[in-house]
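Residues per chain are reported as follows:
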Amino acid sequence: MNRAAEAGATVAAGVAVLALGVLVWSVFSRGVHALNWSFFTKGPAVFGQTGGGVAPALVGTGLLVAIATAMALPFGVLTAIYVSEFAPRRIAEQIRLWLDVLNGFPSIVIGVFVFALAVKTNVPVFGWGHHQSAIAGGFALAVIMLPLVARATMEVLTLVPNQLREASYALGVSKWQTVLRVVLPTAFGGILTGTTLAIARAAGETAPLLFTCSLAGQLIDTNITHSMTSIPLTIFQYSEAPDPALHEQAWALAFVLIAFVLVASVAARVLLDRSRKKLGLQR
Amino acid sequence: MEAASVPTPAGLRRTRRFGDRVGDGLLYGLTAAASLIAVLIVAAIIWRVGEGAWPAMRTFGLGFIWHNEFNPVTSKFGARDLIIGTLVTSFGAILLAAPLSIAIGLFLSELAPPAIRGPVGTLIEMLSAVPSVVIGLWGILVLAPFDAQHVQPFLSSFLGWIPIFAHGQDKIESTIFTAIVVLTIMIIPITSSICRELFIGVPDELEEGSIALGATRWEMVKSVVVPSVRGGVVAAIILGLGRALGEAIAVSMVIGNFTPLKLSIFEPGDTLAGRIANQYQGAVSNLHVASLIYLAFILLVITFIANVLAQRVVKRFEFQRAGGA
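Residue numbers restart at each chain and count upward from 1, following the sequence in its written direction. Labels are handed out in written order, letters beginning with A for the chains and numbers beginning with 1 for the ligands. With the structure being a predicted model, the display of local features is reserved for residues of pLDDT at least 70 and the display and counting of side-chain atom pairs for 80 or more, all residues being used for whole-chain, interface and lining totals.

**Observations regarding the overall build of chain B**
Turning to step 1, where the next piece is worked out: Looking only at helices and strands, chain B has 12 helices and 0 strands in total.
Turning to step 2, where the next piece is worked out: Going along the chain from the N terminus, every DSSP run of H or I of four or more residues is numbered as a helix, and every run of E of two or more is numbered as a strand. Along the chain direction, N to C, the helices and strands of chain B fall in the order α-α-α-α-α-α-α-α-α-α-α-α.
Turning to step 3, where the next piece is worked out: Relative to a compact globule of 325 residues, whose C-alpha radius of gyration would be 20 Å, chain B shows 25 Å and is clearly more extended.
Turning to step 4, where the next piece is worked out: Referenced to the eigenvectors of the C-alpha coordinate spread, the extents of chain B come out at roughly 90 × 65 × 35 Å.
Turning to step 5, where the next piece is worked out: Relative to its full complement of 325 residues, chain B shows a buried share of 45%.
Turning to step 6, where the next piece is worked out: C-beta atoms are first placed from the backbone for all residues, and any pair lying within 7 Å is then listed as a contact. Residue pairs at least 24 apart in sequence account for 77% of intrachain contacts in chain B once pairs closer than 6 positions are excluded. Radius of gyration means the value over C-alpha atoms here, while the globule rule gives 2.2 Å times the residue count to the 0.38 power. Partly exposed residues are those falling between the two cut-offs: more than 12 but fewer than 20 other C-beta atoms within 10 Å of their own, whereas 20 or more means buried and 12 or fewer means exposed, with C-beta atoms placed from the backbone.

Structural data, given as structure tokens:
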């Protein structure tokens, strides 16, 4: 029985690791071929021609993620500060609960929400409303990033030793100065880690962009009140196209996306280790 | 935080700088407002989705849930087969992923030599960040043809006498089965890395104690390791289930987007999220849009229930741990 169970667990683990390995390997082996200079710098080929690239999608994803981070980071960090430094315990618990609920919402529902809020609405304000735009898409991604950033920040704020806060108060420093000059700098590495992971997640999301920021032209567009294409959406559209050349580009884009996501999570890991060490030394 | 509640001597209070009082108030106000907005977003999502679905709710009522036709041409909409499709694909994926994830967790925490524990564990954790659209791309171009050529005929040659594994003459690429496999691959990294952390967290004394009492490794796992983190494992599985229920892109790429549902899982089907992703842009009438949002509302309710369930399990588990230790 013992032998059988051990063998079973090993085989199951092997099968699963193999499946994941096959997935990553097929993306890497197929994607690498289509990578060249014009892939990164040119727009899609005109109908009937070969070649072409995906520059608009790369620029689009960069802009969307920047917008989303600009919205989600301050709100996430401020929410975390409130929960761990100010809020009474019961309110803190409630906020945590609702952030978890928000994190559990399917991303397509968030897409529908932003569509109803920003795209269908009749009053255009600052280029917001009545049509798809990078702002709307970025907002949808921000809603996905918010609970991730907030929860990660909360966790690292609770790791900041209380002695640091007490030492600061004992020197007569006020609460806001303590939070901004002692607590936040100590927790900085952890916040950066959480944000990096959230960015990696947002960069790969397709569903929220489907109705909020998907109709786009063939050129690089940096006007954020316009709709623009993005890496995941392009993969989605190319994968259903009949043209094998587009499949190849989809693989190459998937390669770029996976590489970005993996690099981001390795970076996050390194940052986390460093900040843990820093906190450990100060304790 | 404790120190803040220590009473300030009266003499000091008056000398506190004006700037500090403003700063404290300002920071408190800012952070409280941000928290309020974060919570309000949840409310806004529920409200907006409910409002968008209202025309369809008024027209079809609750009957929407058990009516099957989803036809933009005749403006008759119902969600039955989509709900069934969602549940079948998600629970099918969980049925495959749960034992595999627990096995991976056990392998990486108890069996594997230390040299491969770390790297493989890290690798699996990083794979949970692979975007669903990439898994969908692989699913549609690699997995689906492979399934149609090899896996599905093979499985149905054994199990074909059971209607749900029946296989027609054609080799169909986009099937419910392929969607189940894609979802399984999507959730395994999430659930297995949580399981691994849970198993690692079991105190060594407990494990060593049972080994010292003469238990084999399997008996130790069965009677000590798994029971002591049961709640966490269940919560991890429900978390994976929530992910599977709401996945739109990867599923809509491989499932074939077809209703009415057939009995066999080797036929095309569709899910709530997949249907929304597929038809939203081409929606022909206001009622069609509202019906799609109604689907989103149903999905919201299902995932909400799954979430709350997971949290209650975790709470009970923590309570048991605190009380039982």
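Don't stop here, the text continues.
**Topic: the packing of helix α3 (residues 55–86) of chain A against helix α6 (residues 134–159) of chain A**
Residues and elements named next belong to chain A.
Turning to step 1, where the next piece is worked out: Only C-alpha atoms enter the line fits that serve as axes; for helices the fit covers just the stretch in contact. Angles between N-to-C directions range over 0 to 180 degrees. Contact geometry for α3 and α6: axes closest at 6 Å, N-to-C directions at 35 degrees. Relative to α6, the crossing made by α3 is right-handed.
Turning to step 2, where the next piece is worked out: Here the contact of α3 with α6 is composed, by residue class, of 23 nonpolar, 8 polar and no charged. By convention the crossing between two helices is left-handed if the near helix lies anticlockwise of the far one by an angle smaller than a right angle, and right-handed if it lies clockwise. The nonpolar class holds Ala, Val, Leu, Ile, Met, Phe, Trp, Tyr, Cys and Pro. Asp, Glu, Lys and Arg form the charged class, and all remaining residues, Gly among them, are polar.

**What about helix α6 (residues 176–201) of chain B?**
All names here are of chain B.
Turning to step 1, where the next piece is worked out: End to end, α6 covers 37 Å across 26 residues, agreeing with the expected 38 Å (1.5 Å per residue, within 8%).
Turning to step 2, where the next piece is worked out: Two axes define the bend at a residue: one fitted to the seven residues ending there, one fitted to the seven starting there, and the bend is the angle between them. The sharpest bend along α6 measures roughly 35 degrees and falls at Ile187, with the proline Pro189 sitting one to four residues further on.
Turning to step 3, where the next piece is worked out: Extensive coverage of α6 is indicated by the burial of 23 of its 26 residues. Any helix carries an expected span of 1.5 Å times its number of residues minus one.

**Examining the domain arrangement of chain B**
Residues and elements named next belong to chain B.
Turning to step 1, where the next piece is worked out: In terms of domain boundaries, chain B breaks down into domain 1 (3–61) and domain 2 (63–324).
Turning to step 2, where the next piece is worked out: At the junction of the two partners, domain 1 supplies 11 residues and domain 2 supplies 12 residues.
Turning to step 3, where the next piece is worked out: Its residues assigned to classes, the side of domain 1 that touches domain 2 shows 7 nonpolar, 4 polar and no charged. These domain boundaries are the output of an automatic or database domain assignment.

**Details of the packing of helix α5 (residues 107–119) of chain A against α6 of chain A**
Residues and elements named next belong to chain A.
Turning to step 1, where the next piece is worked out: In contact at an axis separation of 9 Å, α5 and α6 are set at 140 degrees when each is read in the N-to-C sense. What the angle tells us is that α5 and α6 run oblique. As α5 packs across α6, the resulting crossing turns out to be right-handed. Between α5 and α6, the residues in contact are Ser107, Ile110, Gly111, Val114, Ala118 and Val119 and Ala136, Phe139, Ala140, Val143 and Ile144, respectively.
Turning to step 2, where the next piece is worked out: Across the contact of α5 with α6, the residue classes break down as 9 nonpolar, 2 polar and no charged. Geometric relationships in this document are graded by angle, where less than 35 degrees denotes roughly parallel, more than 145 denotes roughly antiparallel, 65 to 115 denotes roughly perpendicular, and other angles denote oblique.

**Structural notes on the environment of Glu267 of chain B**
Residue and element names in this part refer to chain B.
Turning to step 1, where the next piece is worked out: The topology assignment puts Glu267 in the loop between α10 (249–254) and α11 (272–279).
Turning to step 2, where the next piece is worked out: On the basis of neighbour count, Glu267 is assigned to the buried category, with 20 C-beta atoms found within 10 Å.
Turning to step 3, where the next piece is worked out: In this structure, the C-alpha to C-alpha distance between Glu267 and Thr122, residues 145 residues apart in sequence, is 36 Å.
Turning to step 4, where the next piece is worked out: For Glu267, the contacting residues outside a window of four places in its chain are Ile172, Thr175, Ile176 and Lys262.

**A look at the interface of chain B and chain A**
Turning to step 1, where the next piece is worked out: At the interface, 70 residues of chain B touch 72 residues of chain A.
Turning to step 2, where the next piece is worked out: The element contributing the most residues to the side of chain B that touches chain A is helix α2 (residues 18–60) of chain B, with 19 residues.
Turning to step 3, where the next piece is worked out: For the side of chain B that touches chain A, a count of residues per class yields 53 nonpolar, 12 polar and 5 charged.

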